[in-house]
Amino acid sequence: MSLTATNINVSFGTRTVLHDTGFAALKPGQLTALIGPNAAGKSTLFRTIAGLIKPNAGQVYLEGKDLSTLPTQRRLKSICFMPQFFTANAALSVFDVVLMAQKQLAGWRVSKDDMIAVASALDRAGIGHLADANIGELSGGQAQMVSVCQALIRRSVVYLFDEPNSALDLRHQLDVMGRIKTAMRKRGTIGIVALHDLNLAARYADHLLLIGAGKILAQGPPEQVLADPLIAQTYDVAVQTAAGPRKELNVHAYVD
Amino acid sequence: MTATTDIPDDAVTTLVGNYRKRTYRRILMLLAAIALLCLTVLIDIMTGPASLSFTDVLSVIFDPSGASAQQKVIVWDLRLPIALMAVLVGAMLGVAGAEMQTILNNPLADPFTLGLSSAASFGAALAIVMQWSLIPGAGAFFVTGNAFALAMITSLALYGFTRLRGVTPEAMILVGIAMLFTFNALLALLQYGASELQLAQIIFWQLGSLARASWGKVLTCVIVLSIVLPYFMSRSWALTALRMGEEKAASLGVNVSFLRLTVLAGVSLLAAVAVSFVGAVAFVGLVGPHIARIIVGEDQRGFLPFSALAGALIMSGTSIASKAITPGVIYPIGMITSLIGIPFFISLILSQRQRHWQ
């Protein structure tokens, strides 16, 4: 089982966002970090994989099967996409919205197992105390944790997280990344996380995808991609990598 | 992070227990609303010129053989159709308002504020004054048919408008109000050239009245509700998901544009039928869902039935009030709902602004 994309071309009007780009097979159980500067096309690539945008050309294959041949409902079920933002002032509790993801939009009855699944997901995510809170009252970081919880409770084959920790404090950033990585490994599912923080990418990802100006520029293990001169070129900074105090890979960027 | 185990720990049990408690509370509120509705229907039947006692009404309904012919006529032919019509139309408007607010993501949306009611009134006026039928072969139902056709066209126009780039939910309400004024102006134009008899019929539309209720209309409402309501119920999770934003809903597997289109069609059907039978009744579709939102929240499994019940309760209460304010006079219900609705509308706007300030 693997996820592949070939010759993806997406344009909105005259503006081309993805230029004939693609990536080689992403393996199950692995976490891939999609890195690249602002407006490089990360969210567009995610939406294209999720089937929310129809590409002008190109295919996304899951297990060798062209995803565009799947019915929308099936496709949205096997690919779970967590958008970057959600703002809602609905009178719904955190428990309600996670339950909604657990039910996958089907069946009126909520079984005891459903309730336990939601409760333990909230507990594990460390947001059990927010269960009865209204989603409109959450802070940006709390909303993001709820969003991750909603995504992870679903049983999909591919998980796409669009900057799942942009609003989180240090501890929660590490928690969320750790939880996503563990979930992917345990379930044997394919995970892609769009990240701005290259150090988080270096520490948690098994694999990196570098995107710049609508093209996938490099793909491979973090040590290899982060050492590539393309990184410096894409981000327009000088990059040096070094081993951190615990032997982890650290990325240092300089504006020269 | 805690390890996953099959035996739920204390924290999980507490969370499940809390959710259970909230679910039971919701069910209890629904049952209470149903009980209250039964009571208002009975009071509605009791209220009127020939006063009937509580026991009279119960015996005529449940044991007609023992009642006098006069009582039977009053209850079965006059009062009961009106009382049931109030409940059904209220439920239809409540559901229509609830789902409009959901799919347009706008707390101020309802069949009246978005101009559907005035479009329906204009359609009916076209039939009454010009004898034009927009639906060929509508026969005796051509007034209702016209009302429905125009309500439908208006909601399609609104739907088209939501698809335009850069249209905010706030702008939607303005377009709706523009529709309202447009149709009111067109209606005035028709009234200007109408005969006295036609004018009286048009005024019925503008003020709203339950007086023309009949068993046939009650049956039609039941049929429409039993077509639309199960569909809305089956889309409960999708509609709940839509409240998290369009993209979030799509990422959860909701086909957003298809859902919007089908729900809008259902809402138009409900609103158009309701309005074509009782005329333009303001604010029931707005206030009902807001009461439901406050009491049971927006999980559609509770929100949808409670919006229907809240709408039904308001209309049933209005029907009582229309007869009870001045004995012997039946006031138009549209007037009463507006008088109750406007203070609510204003408090809603004020409370919204307060939240943005905080």
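Reading the values: the criteria
- Residues numbered from 1 in each chain as written.
- Chains lettered and ligands numbered in written order.
- Predicted model: local features only at pLDDT ≥ 70, side-chain atom pairs only at ≥ 80, totals over all residues.
- Helix = DSSP H or I, 4+ residues; strand = E, 2+ residues; numbered from the N terminus.
- Rg over C-alpha atoms; globule rule 2.2 N^0.38 Å.
- Buried ≥ 20, exposed ≤ 12 C-beta atoms within 10 Å, placed from the backbone.
- Pairing = 2+ DSSP bridges.
- Contact = placed C-beta atoms within 7 Å.
- Nonpolar A, V, L, I, M, F, W, Y, C, P; charged D, E, K, R; others polar.
- Core = buried A, V, L, I, M, F, W, Y, C linked by C-beta atoms within 7 Å.

**Here's the deal with the overall build of chain B**
Next up, step 1: Summing up its helical and strand segments, chain B has 14 helices and 0 strands in all.
Next up, step 2: Order of helices (α) and strands (β) in chain B, N terminus to C terminus: α-α-α-α-α-α-α-α-α-α-α-α-α-α.
Next up, step 3: Here chain B has a C-alpha radius of gyration of 22 Å; the compact-globule value for 358 residues is 21 Å, and the two agree.
Next up, step 4: Each principal axis of the C-alpha distribution contributes one length, and for chain B these read about 75 × 55 × 40 Å.
Next up, step 5: Expressed as a percentage of the 358 residues in chain B, the buried residues total 48%.

**Looking at the pairing of strand β10 (residues 215–220) of chain A**
Residues and elements named next belong to chain A.
Next up, step 1: Both strand β9 (residues 207–212) and β10 contribute to a ladder of 5 bridges, which runs antiparallel. Looking across to β10, one finds that Leu209 is bridged to Gln219.
Next up, step 2: Hairpin connection, β9 to β10: the antiparallel pair is bridged by 2 residues, and Ala213 has positive phi, about 45 degrees.

**A few points about the environment of Phe141 of chain B**
Residues and elements named next belong to chain B.
Next up, step 1: Checked against the element boundaries, Phe141 lands in the loop between α4 (116–130) and α5 (142–163).
Next up, step 2: Taking the number of C-beta atoms within 10 Å as the measure of exposure, Phe141 has 16 and is therefore partly exposed.
Next up, step 3: For the pair formed by Phe141 and Ile295, sequence separation is 154 residues and the distance between their alpha carbons is 38 Å.

**Concerning the sheet that holds strand β5 (residues 65–66) of chain A**
Residues and elements named next belong to chain A.
Next up, step 1: As summarised here, the arrangement of the 4 strands in space is β2-β1-β4-β5, forming an open sheet in which the pairing is antiparallel. Each edge of the open sheet is held by one strand with a lone partner, namely β2 (15–26) and β5.
Next up, step 2: Judged from the 5 bridges that link them, strand β1 (residues 3–12) and strand β4 (residues 57–62) form a sheet pairing that is antiparallel. When the bridges of β4 are listed, Asn9 appears paired with Ala57.

**Some remarks on the interface of chain B and chain A**
Note on interface size: it is often stated as the accessible area lost on association of the parts.
Next up, step 1: Taken residue by residue, the interface counts 30 residues in chain B and 36 residues in chain A.
Next up, step 2: Taken together, the elements giving at least two residues each to the side of chain B that touches chain A come down to α1 (10–46), α9 (236–242) and α10 (246–251) of chain B.
Next up, step 3: In terms of residue count, α1 of chain B provides more of the side of chain B that touches chain A than any other element does, 6 residues in total.
Next up, step 4: Per-class residue counts for the side of chain B that touches chain A are 14 nonpolar, 9 polar and 7 charged.

**Topic: the nonpolar core**
Next up, step 1: With 194 residues, the main nonpolar core has Val98, Leu122, Cys149 and Leu160 of chain A together with Val89, Met92 and Ala151 of chain B as its most contacted residues.
Next up, step 2: For this core, the element with the most residues is helix α3 (residues 69–103) of chain B, which contributes 19 residues.
Next up, step 3: Those residues in contact with Val89 of chain B that lie beyond four places of it in its chain are Cys221, Ala274, Phe277, Val278 and Met315 of chain B.

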